[in-house]
Amino acid sequence: MRSRQRMFAAVMRLLLKCLRLGRRRRFKLVRQVEQLWHYGHLCLRSLLYNSFTNGDVVLDSLFEPVYWLVDHVTRWFGVVFVALVIGLTSSIVAIVYICLLPLILQTYTPAWICWHLAYGHWNLIMIVFHYYMAITTSPGHPPQAKNDLTGVSICRKCIAPKPARTHHCSICNRCVLKMDHHCPWLNNCVGHYNHRYFFSFCLFMTMGCIYCSISGWEMFRDAYAAIERMKLIEKERLQVAANQTYYQTPPPTFSFRQRAFHKSVVYLWVLCSSVALALGALTLWHAALITRGETSIERHINRKERQRLQKKGKVSRACSTGAGWGRARCDVPLPILQIFRNPYSYGSWDNWKVFLGVDVPRHWLTRVLLPSPHLPHGTGLNWDLPPCVTEQRAPLLAI
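Residues numbered from 1 in each chain as written. Predicted model: local features only at pLDDT ≥ 70, side-chain atom pairs only at ≥ 80, totals over all residues. Heavy atoms only, no water.

Visitor: Whenever I open this one, the overall build of the protein confuses me. Can you help?
Guide: Looking only at helices and strands, the protein features 10 helices and 6 strands. The burial tally for the protein puts 34% of its 399 residues in the buried class. Pairs at least 24 residues apart make up 64% of the contacts formed inside the protein by residues separated by at least 6 positions. Roughly 26,400 Å² of accessible area belongs to the protein as shown, and the carbon and sulfur atoms make up 65% of that amount. (Helix = DSSP H or I, 4+ residues; strand = E, 2+ residues; numbered from the N terminus. Buried < 20%, exposed > 50% of the residue type's maximum accessible area, 1.4 Å probe, protein only. Contact = heavy atoms within 4.5 Å. Areas by Shrake-Rupley, 256 points an atom, 1.4 Å probe, with all protein chains shown as cover.)

Visitor: Would you explain the UniProt feature "transmembrane region" (unreviewed entry) in the protein in this entry?
Guide: Per the UniProt record, "transmembrane region" (unreviewed entry) is found at residues 76-100, 112-133, 197-220 and 265-288. This span, residues 76-100, is 100% helix and 0% strand, and a straight line between its end C-alpha atoms measures 37 Å. Across residues 197-220, helical content stands at 96% and strand content at 0%; the span's end C-alpha atoms are separated by 32 Å. (UniProt positions renumbered as here; feature names shortened; annotations may be inferred.)

Visitor: Would you mind showing me how to read helix H7 (residues 256-292) here?
Guide: One turn of the α-helix equals 3.6 residues, which is why residues spaced by three or four share an orientation. Given a rise of 1.5 Å per residue, 37 residues ought to cover 54 Å, and the 53 Å separating the end C-alpha atoms of H7 matches this to within 8%. Phi turns positive, to about 70°, at Gly-293, one or two residues after H7. (Expected span 1.5 Å × (residues − 1).)

Visitor: When you look at the pattern of salt bridges in this model, what are you seeing that I'm missing?
Guide: Two side chains with opposite charge may pair up if their charged atoms get near one another. Within the structure shown, the criterion is met by 4 salt bridges. The partner of Asp-359 in a salt bridge is Arg-367, with the nearest N and O atoms 3.7 Å apart. (Salt bridge = Lys/Arg side-chain N within 4 Å of Asp/Glu carboxyl O.)

Visitor: Is there a simple way to think about the nonpolar core in this case?
Guide: Considering soluble globular proteins, one finds that nonpolar side chains tend to be buried as a cluster. With 39 residues, the main nonpolar core has Tyr-131, Leu-186, Phe-198, Phe-201, Met-205, Leu-268 and Cys-272 as its most contacted residues. Contributing elements (two or more residues each) for this core: helix H3 (64-107), helix H4 (110-136), helix H5 (195-215), helix H6 (217-242) and H7. Per element, the largest residue contribution to this core is 9 residues, and it comes from H5. Those residues in contact with Cys-272, other than ones at most four positions away along the chain, are Ile-92, Cys-209, Cys-212 and Ser-213. In this structure, Ala-287, Ile-290, Leu-356 and Val-358 belong to the second largest nonpolar core, which totals 8 residues. (Core = buried A, V, L, I, M, F, W, Y, C linked by side-chain atoms within 4.5 Å.)

Visitor: Whenever I open this one, unusual backbone geometry confuses me. Can you help?
Guide: Keep in mind that most residues, glycine aside, have a negative phi and that most peptide bonds are trans. A positive phi angle, close to 70°, is found at Arg-165, a residue other than glycine. Summarising the element assignment, Arg-165 is placed in the loop between strand S2 (161-162) and strand S3 (167-169). Positioned with a positive phi, Asn-173 is a non-glycine residue whose angle comes to about 60°. As for its placement among the helices and strands, Asn-173 is situated in the loop between S3 and strand S4 (174-176).

Visitor: Explain helix H9 (residues 348-356) here, please?
Guide: Here H9 lies mainly inside the structure; 7 of its 9 residues are buried. Asp-350, Asn-351, Trp-352, Lys-353, Val-354, Phe-355 and Leu-356 are the residues of H9 that are buried. Against the buried residues of H9 lie H5, H7 and helix H10 (363-369). Positioned one or two residues after H9, Gly-357 has a phi angle of 75°, which is positive.

Visitor: Explain the side chain of Thr-166 to me, please; I cannot follow it from the model alone.
Guide: Among the structural elements, Thr-166 can be located in the loop between S2 and S3. Excluding its chain neighbours within four sequence positions, the residues that come into contact with Thr-166 are Pro-142, Cys-175, Val-176, Leu-177 and Lys-178.

Visitor: What should I look at first to understand the side chain of Ser-213 in this one?
Guide: As for its placement among the helices and strands, Ser-213 is situated in helix H5. Once you skip the residues sitting within four places of it in the chain, Ser-213 turns out to touch Trp-269, Cys-272 and Ser-273.

Visitor: Sorry, what's going on with the environment of Leu-84 here?
Guide: Assignment of secondary structure puts Leu-84 in helix H3. Residue classification places Leu-84 among the partly exposed residues on the basis of a relative accessible area of 42%. Placed 101 residues apart in sequence, Leu-84 and Trp-185 show a C-alpha to C-alpha distance of 8.4 Å.

Visitor: Looking at this structure, I do not really get the state of the cysteines. What am I missing?
Guide: Two cysteines form a disulfide when their sulfur atoms are joined by a covalent bond. Counted by the stated rule, this structure contains 0 disulfides. Among the cysteines around Cys-272, which has no disulfide bond, Cys-212 carries the closest sulfur, lying 4.3 Å off. (Disulfide = S-S within 2.5 Å.)

Visitor: Teacher, can you tell me more about the confidence of the model for the protein here?
Guide: Detailed reading of the predicted coordinates is not advisable wherever pLDDT falls low. Counting all residues, the mean pLDDT for the protein is 80, and 75% of those residues have values of 70 or more. Looking across the protein, the model is least confident in helix H1 (residues 2-48), with a mean pLDDT of 69, and most confident in H5, with 96. Contacts from residues 318-335, a stretch scored under 50 in pLDDT, to residues over four places away or in other chains number 34 contacts. In the predicted structure, residues 394-399 sits below a pLDDT of 50 and forms 20 contacts with residues beyond four places in sequence or in another chain. (pLDDT = per-residue confidence, 0-100.)

Visitor: Explain a nonpolar patch on the surface to me, please; I cannot follow it from the model alone.
Guide: A cluster of nonpolar residues, Trp-68, Leu-69, Val-73, Trp-76, Phe-77 and Val-80, forms a patch on the protein surface that exposes about 680 Å² of accessible area. Secondary-structure assignment places Val-80 in helix H3. (Patch = residues over 30% accessible without salt bridge, like charges linked within 9 Å, V, L, I, M, F, W, Y side chains within 5 Å.)

Visitor: Got a minute to help me understand the packing of aromatic side chains in this structure?
Guide: Given two aromatic rings, their pairing is described by the distance between the two centres and the angle made by the two planes. Scanning the entire structure with this criterion turns up 16 aromatic pairs. With a centroid separation of 5.1 Å and an interplanar angle of 20°, the aromatic rings of Trp-115 and Tyr-119 are classed as stacked. One end of the pair, Trp-115, and the other, Tyr-119, are both in helix H4, 4 residues apart, so they sit about a helical turn from each other. Taking the relative accessible area as the measure of exposure, Tyr-119 reaches 16% and is therefore buried. With a centroid separation of 5.4 Å and 85° between ring planes, the pair formed by Trp-122 and Phe-204 is classed as edge-to-face. Residue Trp-122 is located in helix H4, and its partner Phe-204 is located in helix H5; the two are separated by 82 residues in the primary sequence. Looking at Trp-122, the relative accessible area reads 24%, which means it is partly exposed. In textbook terms, an aromatic cluster arises when at least three aromatic residues are bridged by ring pairs, as seen for Trp-115, Tyr-119, Trp-122, Phe-204 and Tyr-211. Its guanidinium or amino end placed over the ring of Trp-383, Arg-165 lies 4.7 Å from that ring's centre, counting from NZ or CZ. (Phe/Tyr/Trp six-rings, centres within 6.5 Å; stacked < 30°, edge-to-face > 60°. Lys NZ or Arg CZ within 6 Å of the ring centre and 35° of its normal.)

Written out as structure tokens, the structure reads:
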């Protein structure tokens, strides 16, 4: 009798413990839901009642998950993009050597053969050299320790000194000197030390694709017509074979080598033409930025700053992209206003000389037309006047 009472008491105590535990879990879940609700309400109020909030801030907040996904996908797929560039370029070079070069040697005159061999191999060497250097060269990173640089800010993500023209890359998770952008096709940032290699690769790759497209236009037309002829003849052969009795399948009319040759020529022309259009547009865009002495990020910053100063009436609205101070050059009479200009611009011609590292005239051959691993001007930490600049800069109203 006593054993039954003890067993009943133990069961009741266990049941009460389970009830208390379930109640605690319910209370804990309710508290978590309340915390999430309060946090979401606070975030919503910070977006709606902040005096600094505008449409750009709201869009950035809404697209933050997309930015996070793009950063991580770009980080992991950088190696795949590099392998894709190497694979596609190697396939084009293989087609040229295996299919087109024997045809060129048999049909072209000696002068044209020398031209194609010289220009083609020079262009290929420049592409390979600049792509390898753009991948392997570090864009440059600011020192993490304190230094004697003046006018530097602190990166909010690295909590480290951030010199002028330095920006934080969310993909590399580091600050980059004179950052232009993060290129997934390089699996590397484009910055102070490899910006020239990146632009030179884009330029010479575009030139090579245009060269292949123009030189292979007649071959492409003949190859495309031959493929259409093959399809028509093959269709007629199958129709005839369907009305006859064969003990075995009839052999194909055209050999595998003939089919592979014509399809390779079509593949080469289509790929080179597509890359020439896309990469050519990108190259022209970066050439315009280099002419103005800006990077991709600085163009956005300077545009915002120009608009801000225009609203305050400190710079001219009509001609705010001039190269100095004084009266704006326009037909409408305007008061003498300051003209906004990029503070790191030395003029169009000098910007190119500084970017390419041309100090003396012979450098146009040794440093531009031939592979050269020379370093850019400066360290990327300060921006003193380079020795190749011919004129001193005037005081500017810019960031």
